[in-house]
Amino acid sequence: AILALLAAAGLASVLFVVAERRAQSPLIHPSLYANVPFRRGNLVFLLVLIPFGGLIVLLPFYLEWYQGYGAHQVGLMLTVQAVASVGGSVGSGWLPSAMPFRARAFAGVLIMLAGILALVFLHHPGALLILLLSLAMIGAGSGILMSTVIQVVMGSLPDGLAPVGSAVQSQVRTVAQMFGVVLLESIFSYVYAMPSGAGHGPPSNPQAVATMLDGFRYAFWFGAGCLILALIAISRLPTRQEPKAET
């Protein structure tokens, strides 16, 4: 069912583009598709926000079921990621203006990647300091990356395309996070089949715990792979703000 919905969404996207190209007054101006920094920046968003969105769903279960923290503690721990994300976004504005956009984006993704890999290689529960550091790195890296790429994407658009470009970029971010939820949760569920029934909690026997941990790690590895692909896409971003094209 999920694959059928994805196929239908892909077909609808193709039909939308075809209809837009034939329309006398398209909703999205064709020159928006031709804008290279806009296209590449949104590709970076797609690759980064897939793991970011998936982690929003998986991390509470990972921290509660495997790490053994209570719901209140998990909420406080995840606050670290949110605060770090805001801090990274604000802090990126204080970086030297001579620092290229590409270098900023690289730094953001590498920080995120280090945070996710820390979760992958964390073999024993209870390492609170490592967990908090990992969450802070994921949050801070995403804040640096997103603020930088937004500047690249929106700064490349002429004023006449800025409203539509902003809407398209927002939609890309939303769709990427939705894909992340579906993909990472599907990977986890494929490896670890949770028993049905209300009130299900963490597994009690060692074999089930090991299988559950494998599910989390495979999902984290997938997220890390998306970030590695994002690094490749970032290598094609402009290093400086390019002059705006005319509408």
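Residues numbered from 1 in each chain as written. Predicted model: local features only at pLDDT ≥ 70, side-chain atom pairs only at ≥ 80, totals over all residues. Heavy atoms only, no water.

## Examining the packing of aromatic side chains
One pair of aromatic rings is described through two measures. These are the centre distance and the angle between the planes. For the coordinates displayed, the defined rule picks out eight aromatic pairs. Measuring from ring centre to ring centre gives 5.7 Å for Phe-121 and Trp-221, while their planes differ by 90 degrees; the resulting arrangement is edge-to-face. Placement of Phe-121 in the loop between α5 (101-120) and α6 (128-155) and of Trp-221 in helix α8 (residues 206-234) is noted, with a sequence separation of 100 residues between them. Since its relative accessible area comes to 51%, Phe-121 is described here as exposed. (Phe/Tyr/Trp six-rings, centres within 6.5 Å; stacked < 30°, edge-to-face > 60°. Helix = DSSP H or I, 4+ residues; strand = E, 2+ residues; numbered from the N terminus. Buried < 20%, exposed > 50% of the residue type's maximum accessible area, 1.4 Å probe, protein only.)

## Points about the environment of Ile-56
Tracing the sequence through the fold places Ile-56 in helix α3 (residues 36-66). Residue class for Ile-56 comes out partly exposed when judged on its relative accessible area of 48%. Here the alpha-carbon distance between Ile-56 and Phe-220, two residues 164 residues apart in the chain, equals 12 Å.

## Comments concerning the confidence of the model for the protein
With 93% of its residues at a pLDDT of at least 70, the protein reaches an overall mean of 87. Per-residue pLDDT, averaged within each element of the protein, yields its smallest value for helix α2 (residues 30-34) (78) and its largest for α5 (95). (pLDDT = per-residue confidence, 0-100.)

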